[in-house]
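Inside the fold
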Amino acid sequence: MKGSQSRQIRTTGKSYTIRMPKNVCIYLDEHCMKFVSLMRDMNLAIHSQNRSVILDFSETEEMTAGAAVMLFAEVTRSQLLTGLPNVITIIRPKNPNLWGLMRNSGLWDAIKPGGEKKLQGLWEKNCPFASGNDPDAHLASTLNSFRNARPNLPRRFDSAIQEAILNVVHHAYEYNRNLPTDSIGTRWWQYAAITKEDVRFTICDLGIGIPNKILYMPENRHLPHGHCIEKAMEDGFSTLFRRGRGMGSRDLKRPVVNTEAESFSIFSNNGIYSYIQNREPICGDRPACLPGTVVEWKMEVSA
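This section reports on the structure supplied with the text. Computed from a prediction, not measured in an experiment: that's the story for all the values here.

The rules we used
The residue numbering used here restarts from 1 in each chain and proceeds along that chain's sequence as written. Per-residue local features of the predicted model are confined to residues with pLDDT of at least 70, and side-chain atom pairs are confined, for both listing and counting, to 80 or more; whole-chain, interface and lining totals are unaffected and use all residues. To obtain the side-chain values, all non-hydrogen atoms of the structure were included, while hydrogens and water were left out. The pairing criterion for strands is at least two bridges between them, as found by DSSP. Numbering of helices and strands starts at the N terminus; helices are DSSP runs of H or I of at least 4 residues and strands are runs of E of at least 2. For helices, the fitted axis covers only the stretch in contact; all axes are lines through C-alpha atoms, and the angles between them, taken along N-to-C directions, range from 0 to 180 degrees. The contact criterion used throughout is that any non-hydrogen atoms of two residues lie within 4.5 Å. Identification of polar contacts relies on pairs of N or O atoms within 3.5 Å, with a donor-acceptor requirement for protein atoms, meaning one able to donate a hydrogen and the other able to accept it, and with residues adjacent in sequence counted only if both atoms are side-chain atoms. When an angle is under 35 degrees it counts as roughly parallel; over 145 it counts as roughly antiparallel; between 65 and 115 it counts as roughly perpendicular; any other value is oblique. Each residue is assigned to one class: nonpolar for Ala, Val, Leu, Ile, Met, Phe, Trp, Tyr, Cys and Pro, charged for Asp, Glu, Lys and Arg, and polar for all the others, Gly among them. Here, a disulfide means two cysteine sulfur atoms that sit within 2.5 Å of each other. Each residue is placed in one exposure class: buried if its accessible area under a 1.4 Å probe, protein chains only, is under 20% of its type's maximum, exposed if it is over 50%, and partly exposed if it falls in between.

**Side note on the sheet that holds strand β10 (residues 271–276)**
Pairing is antiparallel across the open sheet formed by 7 strands, whose spatial order is β6-β7-β8-β12-β9-β10-β11. The sheet is open, and its two edges are formed by β6 (129–132) and β11 (282–285), each paired on a single side. Within this sheet the neighbouring strands show an average axis-to-axis angle of 10°, counted without direction. Lying over the sheet, helix α5 (residues 116–124) contacts β6 and β7 (188–194), oriented at roughly 120° with respect to β6. Contacting β6, β7 and β8 (198–205), helix α6 (residues 135–149) crosses the sheet at an angle of about 10° to β7.

**Some remarks on the side chain of R187**
With respect to the helices and strands, R187 occurs in the loop between α8 (181–184) and β7. Of the polar contacts made by the side chain of R187, one reaches the side chain of S131; its length is 3.0 Å.

**A word on the packing of helix α2 (residues 65–82) against α5**
Axis angle and axis distance: for two packed helices, these are the angle between their axes and the distance between the axes, and together they describe the pair. The geometry of α2 relative to α5 is characterised by a closest axis approach of 9 Å and an angle of 135° between their N-to-C directions. With respect to each other, α2 and α5 are oriented oblique. Of the residues in α5, those in contact with F72, T76, Q79 and L80 of α2 are E116, K118, L119 and L122. Here the contact of α2 with α5 is built from residues that sort into 4 nonpolar, 2 polar and 2 charged.

**Points about the packing of helix α1 (residues 29–48) against α2**
Orientation of α1 relative to α2, taken along the N-to-C sense of each, is 5°, at an axis distance of 11 Å. By the criterion of interaxial angle, the relationship of α1 to α2 is roughly parallel. Where α1 abuts α2, its residues F35, M39, M42, N43, I46 and H47 lie against A67, M70, L71, E74, V75, R77, S78, L81 and T82. When grouped by side-chain class, the residues that make up the contact of α1 with α2 number 9 nonpolar, 4 polar and 2 charged.

**Some points on the sheet that holds strand β1 (residues 16–19)**
As summarised here, the arrangement of the 3 strands in space is β1-β3-β5, forming an open sheet in which the pairing is parallel. The sheet is open, and its two borders are formed by β1 and β5 (88–91), each paired with just one other strand. In this sheet, neighbouring strand axes are inclined to one another by 20° on average, regardless of whether the strands run parallel or antiparallel. When β1 meets strand β3 (residues 53–56), the two strands line up parallel, connected through 4 bridges. In the strand pairing of β3, T17 is matched with I54.

**Re the environment of M39**
Mapping M39 onto the fold places it in helix α1. Here the alpha-carbon distance between M39 and L71, two residues 32 residues apart in the chain, equals 8.0 Å. Not counting residues up to four positions away in its chain, the partners in contact with M39 are M20, L55, L71 and E74.

**Quick notes on the state of the cysteines**
Throughout the structure, instances matching the rule amount to 0 disulfides. Of the cysteine sulfurs around C32, a residue in no disulfide, the closest is that of C25, at 7.4 Å. Looking at C32, the relative accessible area reads 0%, which means it is buried. We note that C283 lacks a disulfide partner, and the nearest cysteine sulfur, in C228, lies 9.7 Å from it. Looking at C283, the relative accessible area reads 22%, which means it is partly exposed.

Structure, rendered in structure tokens:
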């Protein structure tokens, strides 16, 4: 397993305050552009200017699942890379509903000050938010959490989660020499939510991104980012997925094939790909460029 080796920076005296927007979201273009820009500002302040950061959520009223996982990823990566548990201070939202959601969902436990010990504790208490870089250590616990809560969950959902995690470990950080993978490992961040109405699993990495990897192939350099994701999802396309298989995309989509009110989405770099029920997938480009990939399933499964 690749560990996390911090570089132990020394922060300067003055903190940099980032006022988070009313809507923290990666699904809608306008909100996504703002969120990505603020995360870029945070990373610049911490890793280039050696400053601590204050994330002020006092005026935030809504936060979507995808944005919450990416926030979790960005915050904890900085905590790991700097070796400073308090490099980011968070001002909680005034909105009582959002603050309650952050606490009850486990997001607050995930982003509060801490390092490796904090992340390991998330697994130990079965927190919906968790992060790892060793599938052998954490894949089984993720699958068991779903299986224990929803014994009737289709087995194809297990295969999809396994494929997504292994894709991160084997491929997400493969070509990006600018990413300090020796410090964060081949790490993923996840959110596993189980309610009375549905099951949701969101996984995020901060790697190269699916489009950027597909564009390394000369024959694909003309493709828009959305079409790059679509190509990666074609049955038999093996460059992105596990060596020797080429069927990883089928495993990822299988939970929403021939079912109703269920969805599967990928957000990566400037591309978006959405697959609903047994329809033709929808793909496209958008102005905001995510630093990696977010993959999300939502399924209606009765208790």
